[in-house]
Structure formats: structure tokens, C-alpha cells
Amino acid sequence: MSLDVVLFTAIASAIAFSALAVVFSRNIVRSALWLLFTLIGVSLLYFLLGAEFVGATQLIVYVGGTMVLVVFGVMLTAQQQFLKIRIRPQEWLVAGILASALFVLLVTTSFHLGEGKNSPPAEPMPGSGPLGVGFLTQYLLPFEIISVHLLVVLIGAAYLARAKRRPGGNRD
Amino acid sequence: MTDFDFTYAVILMVVVFAAIMGSVAYLTFAERKISAWVQDRIGPNRVGPWGLLQVAADGLKFFFKEDIIPKHVDRVFYFLAPGIGVATALLAFSIVPFGPSTPAPGPVGVTAEKPLDAAIAQHEADVKSYHEHTIFALAPGLDIGILFAFAIGSLVVYGIILGGWSSNSKYSLLGSLRSSAQIISYEIPLGMSVLGVFLFAGSVNLEKILDYQIHHGWFILYQPLGFLLFIVSVYAECNRLPFDLPEAEQELVGGFHTEYGSMKLGLLLMVDYIHMITTSFFMAIIFFGGWHFPGLSNIDGIGGMVVKFLILGAKVFFFLMLYMIVRWTIPRFKFDQLMALAWQVMIPLAMVNLVSVMIVKEYQLTPWILTVTSIVTFLAAAVISTREKLTVIQRPVNAAHSA
């Protein structure tokens, strides 16, 4: 067994464990924290595949940015009645059927992926330079659409979080 | 990318780990000695000659203390928090070229006389010779370079969040909120301050940035404002004074680590010192030319290697001592001042700096213009901020209470 396989096994099982822990945790804060470890594991997988830029971006955007907000939000709002998640049997049923269908689909697809390719491509992944050039030439329009989208989200968030003036009250 | 020497990697990792841990231990000693010197005391002088074994006594004390686990903590995350802190801090060091280095090979162009196969073969030969030359970094040639350090650095905040939440105590939770807000805020000027350097060097790889400085002069000459912003943000990221609100023992009842004891507390405190070492390397390499020193970098052979090590070591040592002296010189900020500094002063300054670098690059002007614009920007910011302070004082007092 090569080192790659050993590392992949370790990281993949860590991801699987933390992903299961997200689902099976009854406490919502713990759930959010396990999701954090799932995302870190996915970024480690990117590093293992040689896609360092994607891995670092995953860490900066999801782990360092989004998950901080999620963890903060959950920590500060998890009061008595929201702290424990209660799941009804119907929800188990629907979610279980959906999840197993998705699982079967992914497994069958991944078995077909390796057909006809005996070895991984010899060329390394493009580094940050070619990626940047690609963003500013061939994929400029999607790149700009995403940035405008993010701007809209920012303005929307600022609008939602503004100091609201209550009708009839003088306090601001 | 799997053709590396496993044994050598393991040996290098062990050596680097031991070196970092040893330096961390003696940094705590240096901190106590320097604080004593600044405050006109003697400092630790009982254990060993000149108190040099005080470090061992401190470490053993941490290990042999009773390992108290409060009943109300969340056990899994309570134990994970110090581990995450130390692991991420150590991981960030893996990209630092801590010795003599050569720049990583760039892409090889495909032309008519050089078809794809030949280009690939040449690139592979380049990479091979590079890997043989570069032995003083754990992850040499990582294309994203310092971006990796920033990505890993954004994980450090989780050690604090987890520690504060899992302790299940109000002091810890408030402390962790305060500290993580600080660290997240200062990540932005930290990243923006070095963007100008990246624009000049054309790479985020530390070895290439270093190589650029050997040919064009150190970046401190062209980016003094960038360096100032970088060093301030780094002090905030390391929780050093004047930004040590996470550990303000005197008036804020500690912080996220209030409920920790014995070696777990030791690990949490170690994180800051590991960061200090890593960031001192960053400052020396990005802004002060790494192992380069005029007239001393052309020596070949083992002697040259030793000289380069010594130069880099001296620069890093200087920044570490600067950390210590600043700690006992500048008093602590209040929390609102801390946040205002990051969002109202440092981010706009970093943007101005970045725009001036862009203009210089676009019109191919001499980079010395940036030295002037940096100083002018800094002075303008100083004038504006002192004037604003006057208006704050003149505001009517009852305006503050109506909010």
C-alpha cells in the first residue's frame, strides 16, 4: 500500500466519522462543530490530490469564514428549547429514503468512473498562476457574476441587520 | 509528487519539531528575563546557571500538575481545543524555508522547437533538481505558499472557540467571543498588507518572493507601510501586547482558557509562542530578504550555508526580541479601540497601499515612489486620526447614553 492510499483511508474515515457525528448529534452546537471537522477533512483531501489552491480556498472560505459564523450563530442562539434536536419518525423515514437513494447513486457512479483509466494523469494540477489567468480570461463572466452575487448578498445582509425603527417608539 | 524521501522527511520533521519546542521553551525564559530587565528586577536566576534550567522546571511543573477536569465541561471538545491550537500552529510552519533556498521552477513554455514532451521532460528535470537542492523546508515548492499559512491560520480561531464553548463557563465563553472577533478582524489587514508584495514578486511562494528580493532589493524599502500593517496584524494574531485581550489576566479574568489547567493550559499558551516563531520567519523572509545580506550571500559550499543560516537566524531573533520589548512598552488597547484600529485604520491603509502598488506596476514607474507614498499615506492617516479624536471628545456627553 502506498502512502497516498494510507493517507486517503485515514482522511476519508475521519470525514465519514465526523459526517455521521453531524447527523447523529442531538446537541445542535456539537452538530455544527462536527460539520467543521468534515469540511477540514474535505480540504485535506484536496491537498492530497495536489489541488492546493482549492484546498486552501476551502479552508479560508468555508472553514475560516462560513463555519465561524455558523458556530457563533448556533452557540449564541442555542437556548433551552432549541438546544436539543428532536426528530420525528416520519422525518427519519423520508430523510433515510433520500439519503440511501443518493448513496446508491454515488456508489454506482464512482464504480464507473475508474473504467478505462488505469493510472491517474501524469500532469500536475495547475497552480495559482494559471488559475488566476483562467479566471480573468476564459471564465471572466461567471467570475464576475459570482462577485456581483456576493455583493448583493452583502447589501442584503446589511439591510436585514440595520437598526430598525419601531413604529410609535422614539428609541432608535 | 510522491517521489520524496520518506526517512528524510520524518527526520526533518522531528528535528524541526524539537527545534520549535526548544525555542518556545527558551522564549518563555527570554520573556521573563526581558520583563525583569525592563522593570529593573533580576528575573529567574535560581534554577541552573543564570537560571537557564528554569525552563525545565516550568515544563515539568506543567506536566506534573494535577489534571483537573471540571465536571461541567463538554469532554470531547474540551480535549480537542488545545490539540487543534497546537496542531494548526505547527502546520503553518511547514511552508517556511528556514534555511538557504532556491526558487521553485516556473512553468516551461511550449514552442515550435520545444514540443510538449520536451517541455514536460525539462519541467520534471527542473523539479527534480529543485527537490535535491531544497532541503530546508517541510513542504518545498508548494505553489500557494503563504496562502497555505493564511488558510491554516484561519483555523487557529477554532482552538479558542472550542476552548471557550466547551468549558461551559460564562467567563470562558465571553473571552472566546472577544478573542475570536479580534483574530477574525485582523486576518483581513494581515492578508491585504502583503498583497503589494505579491504583485511585485508575481508569486505567493515564499522562495520566489525571497528570490525577487535578492535581485531587486528587500521589500522593506518599497513597502514600509505594508510591513507596518503586517507586523501590527501579526501581533494581533499572536495575541501579543498591545493586543493581548485574550489573556488579559489582570482585569478580564483570563479568557477562553479560564477552565484549563496543567499541560492543557500549557499547550494553549504554547500556541502563541509557536505563532511568534512562524511569523518572525515570515517577516524576515517576506520583507527583509530572508537569508540574503549584501556581500555575504555569494559564498559557496558548507560555509555559505552556515552563513545563510546565521543571517536568517539573526533576523528572526531580532523580530522575536522585538515582540518581547514591545510587550513591555505599549499598554493594552480597549476592545473598541482594537476593533476601530482594524476596520477604520488598517484596512483603508492597506487598500491605499495596494492601489498605489497597482499604479506603479501599471505605468512601470520606479518602485522607490512607493517608499514616498507609504510615508505620505501613513502621515496623512496620523493627521486624520488625531483630528477625529478631537471631535469625539467634543461630542455632547448625553449622546452616548441615548443609544
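Just so it is clear, the structure is predicted and the values come from calculations on it, not from any experiment. (Residues numbered from 1 in each chain as written. Chains lettered and ligands numbered in written order. Predicted model: local features only at pLDDT ≥ 70, side-chain atom pairs only at ≥ 80, totals over all residues. Heavy atoms only, no water.)

**Here we look at the overall build of chain A**
Here is step 1: Assigned secondary structure in chain A consists of seven helices and zero strands.
Here is step 2: Along the chain direction, N to C, the helices and strands of chain A fall in the order α-α-α-α-α-α-α.
Here is step 3: Burial status across chain A gives 21% buried among its 172 residues.
Here is step 4: Restricting the contact set of chain A to residue pairs at least 6 apart, pairs at least 24 apart contribute 60%.
Here is step 5: A total accessible area of about 13,000 Å² is found for chain A, and carbon and sulfur atoms account for 72% of it. (Helix = DSSP H or I, 4+ residues; strand = E, 2+ residues; numbered from the N terminus. Buried < 20%, exposed > 50% of the residue type's maximum accessible area, 1.4 Å probe, protein only. Contact = heavy atoms within 4.5 Å. Areas by Shrake-Rupley, 256 points an atom, 1.4 Å probe, with all protein chains shown as cover.)

**Here's the deal with the overall build of chain B**
Here is step 1: Of the regular secondary structure elements, chain B holds 16 helices and zero strands.
Here is step 2: By the burial criterion, 47% of the 403 residues in chain B qualify as buried.
Here is step 3: Per element, the accessible surface of chain B, about 19,900 Å² overall, is 70% carbon and sulfur.

**As for the packing of aromatic side chains**
Here is step 1: For the structure on display, the rule yields 27 aromatic pairs over all chains.
Here is step 2: For the pair Phe135 of chain A and Phe143 of chain A, a centre-to-centre distance of 4.9 Å together with 25° between the ring planes defines the contact as stacked.
Here is step 3: Accessibility expressed as a relative area gives 34% for Phe135 of chain A, which makes it partly exposed.
Here is step 4: For Phe143 of chain A, a relative accessible area of 34% translates into the label partly exposed.
Here is step 5: Consider the rings of Tyr26 of chain B and Phe29 of chain B, whose centres lie 6.1 Å apart with planes at 75°: the pair is edge-to-face. With Tyr26 of chain B and Phe29 of chain B both in helix H1 (residues 6–38), this residue pair falls three residues apart, about one helical turn. (Phe/Tyr/Trp six-rings, centres within 6.5 Å; stacked < 30°, edge-to-face > 60°.)

**Structural notes on helix H1 (residues 3–24) of chain A**
Residue and element names in this part refer to chain A.
Here is step 1: With 22 residues, H1 extends 31 Å between its outermost C-alpha atoms, agreeing within 8% with the 32 Å of an ideal straight helix rising 1.5 Å per residue.
Here is step 2: Looking at H1, one finds that the buried residues are Ile11, Ile15, Ser18 and Ala21. On an axial view of H1, the arc spanned by its buried residues comes to 125°, and they lie on one face. Opposite the buried face of H1, by more than 90 degrees, sit the exposed residues Phe17 and Phe24.
Here is step 3: Its buried side turned inward, H1 meets helix H2 (28–48). (Expected span 1.5 Å × (residues − 1). Arc of directions from axis to C-beta.)

**Considering the confidence of the model for chain B**
Residue and element names in this part refer to chain B.
Here is step 1: This prediction gives chain B a mean pLDDT of 81; 85% of its residues lie at or above 70.
Here is step 2: No element of chain B has a lower mean pLDDT than helix H12 (residues 249–252), at 64, and none a higher one than helix H11 (residues 224–237), at 89.
Here is step 3: The ipTM assigned to the predicted complex is 0.75, against a pTM of 0.83. (pLDDT = per-residue confidence, 0-100.)

**Focus on a nonpolar patch on the surface**
All names here are of chain B.
Here is step 1: A contiguous nonpolar patch, built from Leu199, Val355, Met358, Ile359, Tyr363, Leu365 and Ile369 and spanning about 630 Å² of accessible area, is present on the exposed surface.
Here is step 2: The dominant element in the nonpolar patch, judged by the number of residues it contributes, is helix H15 (residues 335–362), at three residues.
Here is step 3: As for its placement among the helices and strands, Ile359 is situated in helix H15.
Here is step 4: With relative accessibility at 44%, the residue Ile359 sits in the partly exposed group. (Patch = residues over 30% accessible without salt bridge, like charges linked within 9 Å, V, L, I, M, F, W, Y side chains within 5 Å. Salt bridge = Lys/Arg side-chain N within 4 Å of Asp/Glu carboxyl O.)

**Focus on the interface of chain B and chain A**
Here is step 1: Listed per partner, the contact involves 28 residues of chain B and 27 residues of chain A.
Here is step 2: Carbon and sulfur atoms make up 81% of the area that chain B and chain A hide from each other, which totals about 2,400 Å².
Here is step 3: Of all residues in chain B, Phe77, Tyr158 and Trp165 of chain B bury the most surface against chain A, accounting for 23% of the area lost on that side.
Here is step 4: Between Arg30 of chain A and Asp74 of chain B there is a salt bridge, with the nearest N and O atoms lying 2.9 Å from each other. (Buried area = accessible area lost by both parts, 1.4 Å probe.)

**Points about the domain arrangement of chain B**
Residues and elements named next belong to chain B.
Here is step 1: Parsing chain B into structural domains produces domain 1 (1–64) and domain 2 (71–101 + 136–367).
Here is step 2: Between domain 1 and domain 2, the residue contacts involve 18 residues of the former and 22 residues of the latter.
Here is step 3: Here domain 1 meets domain 2 over a buried area of about 1,900 Å², counting both sides, of which 85% is carbon and sulfur.
Here is step 4: The largest contributions to the domain 1 side of the interface with domain 2 come from Leu27, Glu31 and Phe62, which together make up 34% of the buried area.
Here is step 5: Viewed at the interface, domain 2 and domain 1 are joined by two salt bridges.
Here is step 6: Inspection of the region where domain 1 meets domain 2 yields four residue pairs in polar contact (both at pLDDT 80 or more).
Here is step 7: Residue assignment for the side of domain 1 that touches domain 2 shows that the elements contributing at least two residues are H1 and helix H2 (54–64).
Here is step 8: Residue composition of the side of domain 1 that touches domain 2, grouped by class: 13 nonpolar, four polar and one charged. (Domains from an automatic or database assignment. Polar contact = N/O pair within 3.5 Å; in protein donor to acceptor, adjacent residues only side chain to side chain. Nonpolar A, V, L, I, M, F, W, Y, C, P; charged D, E, K, R; others polar.)

**Let's talk about the environment of Lys308 of chain B**
Here is step 1: Among the structural elements, Lys308 of chain B can be located in helix H14 (residues 301–327).
Here is step 2: For the pair Lys308 of chain B and Asp74 of chain B, spaced 234 residues apart in sequence, the C-alpha to C-alpha distance is 48 Å.

**Quick word on unusual backbone geometry**
Residue and element names in this part refer to chain B.
Here is step 1: Notably, Trp50 is not glycine yet its phi reads approximately 50°, a positive angle.
Here is step 2: With phi around 55°, Gln364 is a residue other than glycine that occupies positive phi space.
Here is step 3: Using a relative accessible area of 70% as the deciding quantity, one classes Gln364 as exposed.

**Things to note about the side chain of Thr279 of chain B**
Residue and element names in this part refer to chain B.
Here is step 1: Counting through the fold element by element, Thr279 comes out in helix H13 (residues 262–287).
Here is step 2: Taking relative accessible area as the criterion, Thr279 reaches 10% and is therefore assigned buried.
Here is step 3: Separated by 2.7 Å, the side chain of Thr279 and the backbone oxygen of His275 make a polar contact.

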